[in-house]
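# Chain and residue survey
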Amino acid sequence: QVQLVESGGGLVQPGGSLRLSCAASTSGFSIYIMGWYRQAPGKQRELVATILSSGPKTYADSVKGRFTISGDNAKNTVYLQMNSLKPEDTAVYYCNLKDLGWTRGDYWGQGTQVTVSS
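The text that follows walks through the structure, step by step, so that each part is easy to find. (Residues numbered from 1 in each chain as written. Predicted model: local features only at pLDDT ≥ 70, side-chain atom pairs only at ≥ 80, totals over all residues. Heavy atoms only, no water.)

## Remarks on the pattern of salt bridges
- In total, this model carries 4 salt bridges according to the counting rule given.
- A salt bridge links Asp61 to Lys64; the nearest nitrogen and oxygen atoms lie 3.7 Å apart. Here Asp61 and Lys64 have matching classes, each one exposed.
- Each of Arg38, Glu46, Arg66 and Asp89 takes part in one network of salt bridges that share partners. (Salt bridge = Lys/Arg side-chain N within 4 Å of Asp/Glu carboxyl O. Buried < 20%, exposed > 50% of the residue type's maximum accessible area, 1.4 Å probe, protein only.)

Dropping the structure here:
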């Protein structure tokens, strides 16, 4: 019923920046947790950042001070601004929506590849 469409991944130099976007196909979410996860080859998927519908944000220690999560309710979209990128940030990044309101659903995007390399 709900589809998350991600974009913005690609190849970037160390120290560079990317902005990931995640657009929901359905509007009307009011109580939710949205997050960005990432998974590198041979590793478990890890939580990168979250934003709650009430406003608070959290970040993994490895990205704190470099990444910023934000949302635009008018566009049903969440963003992850990634600055000062390092090779260890290379991974597939996934958007996640946990809707605690009307759908009570847990939704995932298809993933977008981020590669940080010279």
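## Let's talk about the state of the cysteines
- Tallied over the full model, the rule gives 1 disulfide.
- Cys22 shares a disulfide with Cys95; S-S distance 2.2 Å. Looking along the S-S bond of the Cys22-Cys95 disulfide, the torsion reads about -85 degrees, which is the left-handed sense. Residue Cys22 is located in strand β3 (residues 18–24), and its partner Cys95 is located in strand β9 (residues 91–99); the two are separated by 73 residues in the primary sequence. There is no split in this pair, since Cys22 and Cys95 are both buried. (Disulfide = S-S within 2.5 Å. Helix = DSSP H or I, 4+ residues; strand = E, 2+ residues; numbered from the N terminus.)

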